[in-house]
Amino acid sequence: KAGVTQTPRYLIKTRGQQVTLSCSPISGHRSVSWYQQTPGQGLQFLFEYFSETQRNKGNFPGRFSGRQFSNSRSEMNVSTLELGDSALYLCASRTSLADTQYFGPGTRLTVL
Amino acid sequence: AQTVTQSQPEMSVQEAETVTLSCTYDTSESDYYLFWYKQPPSRQMILVIRQEAYKQQNATENRFSVNFQKAAKSFSLKISDSQLGDAAMYFCASNSGGSNYKLTFGKGTLLTVNP
C-alpha cells in the first residue's frame, strides 16, 4: 500500500497570507490527524478527522482549520499567517481511532 | 489529561552496543496504547514499536524491545546491536480511550550512534 502523502512538501509564504496543506491517507484509513512540529514546542496536536467529522481538537487559535472529504483526504488551512506558524506540519492516518497512526513526510512551511 | 515525559534529551551509543531510552507517562485511563516513533534527519516519523496496556508481555520488533512497567507508568525502549541507521530523534507517545485516543508525544530523545 502507498503511504501517507502530503503536498506540497515545502512552502514559503509571507505574513498575513493564508495557506492550504493537503494530506492523502493510506488507502482504507478513515482517520486523519494533523500535528505542528517546531523546535521550541515540539510536536503539538492540531486536530483529527474521522469519517469527515472532527473528533479531536488541540489548543490552537481559530486561524487553524481543517476538513476531511468523503474519500478521506484532508486539508488544513491557516489564515492570516504569523511568523510563529513556521513549522513542519505532519499528517497521520489510521484505520480507527484506537489504531496506530502512520505519518506522512510532512510539509515544511516558512513564513517570512 | 495524558502526559508523556522523556528525561533524556540526548543519548549516545557505540555501534553494535545496546542503549535504553526512558519514558514515563501519566494517564487515569485503563484503556491506552504506548508507542515509540523514530524521526531521522529526513523528518519522516516512523513507527518503531507499539504496546497495548492490557498486554503484560513486552513488545519486541527485531532489535527493538520495550520494558513496560504498568504500575510505575514506565515504558523504556531498548535498542540492541545499534546500527548507524538508528541515529534519530526518538519520541515516546501514548493515546487513551478517554481522550478519544488522541496521541500525546514526549519531547524526544536525540540518539547518536558512534562508529
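Residues numbered from 1 in each chain as written. Chains lettered and ligands numbered in written order. Predicted model: local features only at pLDDT ≥ 70, side-chain atom pairs only at ≥ 80, totals over all residues. Heavy atoms only, no water.

Caption draft 1: Summary view of the overall build of chain B. Of regular secondary structure, chain B possesses zero helices and 12 strands. Counting from the amino terminus, chain B carries its helices and strands in the arrangement β-β-β-β-β-β-β-β-β-β-β-β. Computed over C-alpha atoms, the radius of gyration of chain B comes to 14 Å, within 12% of the 13 Å expected from 2.2 N^0.38 for 115 residues, which places it in the range of a compact globule. For chain B, the spread of C-alpha atoms along the principal axes amounts to about 45 × 25 × 20 Å. Per-residue burial over chain B gives 47% buried out of 115 residues. For chain B, the share of sequence-separated contacts (at least 6 apart) that also reach a separation of at least 24 residues comes to 55%. Side-chain charges of chain B comprise 10 positive and 10 negative groups, with the mean position of each set lying 6 Å from the other. (Helix = DSSP H or I, 4+ residues; strand = E, 2+ residues; numbered from the N terminus. Rg over C-alpha atoms; globule rule 2.2 N^0.38 Å. Buried < 20%, exposed > 50% of the residue type's maximum accessible area, 1.4 Å probe, protein only. Contact = heavy atoms within 4.5 Å. Lys, Arg positive; Asp, Glu negative; His and termini not counted. Charge placed at Lys NZ, Arg CZ, Asp CG, Glu CD.)

Caption draft 2: Here's a closer look at the interface of chain B and chain A. At the junction of the two partners, chain B supplies 18 residues and chain A supplies 22 residues. When chain B packs against chain A, close to 1,700 Å² is buried across both sides, 49% of that on carbon and sulfur atoms. Viewed at the interface, chain A and chain B are joined by one salt bridge. We note a salt bridge from arginine 50 of chain B to aspartate 99 of chain A, for which the minimum N-O separation is 3.9 Å. If you look at where chain B meets chain A, you find six residue pairs in polar contact (both at pLDDT 80 or more). Of all the secondary structure elements, the ones that give two or more residues to the side of chain B that touches chain A are strand E5 (32-39), strand E6 (46-52) and strand E10 (88-96) of chain B. Looking at the side of chain B that touches chain A, its residues break down into nine nonpolar, five polar and four charged. (Buried area = accessible area lost by both parts, 1.4 Å probe. Salt bridge = Lys/Arg side-chain N within 4 Å of Asp/Glu carboxyl O. Polar contact = N/O pair within 3.5 Å; in protein donor to acceptor, adjacent residues only side chain to side chain. Nonpolar A, V, L, I, M, F, W, Y, C, P; charged D, E, K, R; others polar.)

Caption draft 3: A look at the nonpolar core. Counting residues in hydrophobic clusters, the biggest one holds 24 residues, and the most contacted among them are Trp36, Phe75, Leu77 and Tyr90 of chain B. Elements represented by at least two residues in this core include exactly strand E3 (19-21), E5, E6, strand E8 (64-69), strand E9 (74-79), E10 and strand E12 (109-114) of chain B. Residues contacting leucine 77 of chain B, with those up to four places away along its chain left out, are Val19, Thr20, Leu21, Trp36, Val48, Ile49, Phe64, Ser65, Val66 and Tyr90 of chain B. In terms of nonpolar packing, the next biggest core, distinct from the first, is built from 21 residues, Val4, Val32, Phe47 and Leu81 of chain A among them. (Core = buried A, V, L, I, M, F, W, Y, C linked by side-chain atoms within 4.5 Å.)

Caption draft 4: Examining the state of the cysteines more closely. Residues and elements named next belong to chain B. Counted by the stated rule, this structure contains two disulfides over all chains. The disulfide partner of cysteine 23 is cysteine 92, and the gap between their sulfur atoms is 2.0 Å. Since a negative S-S torsion denotes a left-handed disulfide, the cysteine 23-cysteine 92 link at about -70° is left-handed. You can see cysteine 23 sitting in the loop between E3 and strand E4 (24-26) and its partner cysteine 92 sitting in strand E10, a full 69 residues away along the chain. A relative accessible area of 1% means that cysteine 92 is categorised as buried. (Disulfide = S-S within 2.5 Å.)

Caption draft 5: Just the sheet that holds strand E8 (residues 74-78) of chain A, in detail. All names here are of chain A. Spatial strand order, E1-E3-E8-E7: four strands in an open sheet with antiparallel pairing. Only two strands of the sheet have a single neighbouring strand rather than two, namely strand E1 (5-7) and strand E7 (64-68). Going across the sheet, the axis of each strand differs from the next one's by a mean of 20°, ignoring polarity. (Pairing = 2+ DSSP bridges. Axes fitted to C-alpha atoms, helices over the stretch in contact; angles between N-to-C directions.)

Caption draft 6: Expanded view of the environment of valine 19 of chain A. All names here are of chain A. Position of valine 19 relative to the elements: it lies in strand E3 (residues 19-24). C-alpha separation for the pair valine 19 and serine 79, spaced 60 residues apart in sequence, amounts to 6.5 Å. Excluding residues that lie within four positions of it along the chain, valine 19 makes contacts with Leu11, Lys13, Met76, Asn77, Val78, Leu81 and Leu109.

Caption draft 7: Structural view of the layout of surface pockets. Considered as a void within the structure, the largest pocket measures approximately 420 Å³ in volume. Around the largest pocket, the lining is made up of 23 residues, and of these Gln2, Lys102, Leu103, Thr104 and Phe105 of chain B lie nearest the centre. For the lining of the largest pocket, the secondary structure elements donating two or more residues are strand E5 (42-50) of chain A together with strand E11 (104-105) of chain B. Ranked by residues supplied to the lining of the largest pocket, first place goes to E5 of chain A with three residues. Estimates place the volume of the second largest pocket at around 180 Å³. Around the second largest pocket, the lining residues are Gln37, Thr38, Pro39, Gly40 and Gly42 of chain A together with Gln39, Arg43, Met89, Phe91 and Lys107 of chain B. (1 Å grid on protein atoms, 1.4 Å probe; cavity = no way out; pocket = protein on both sides within 12 Å on 5 of 7 lines; lining within 4 Å. Points joined across faces, edges and corners; volume = space filled by probe spheres on them.)

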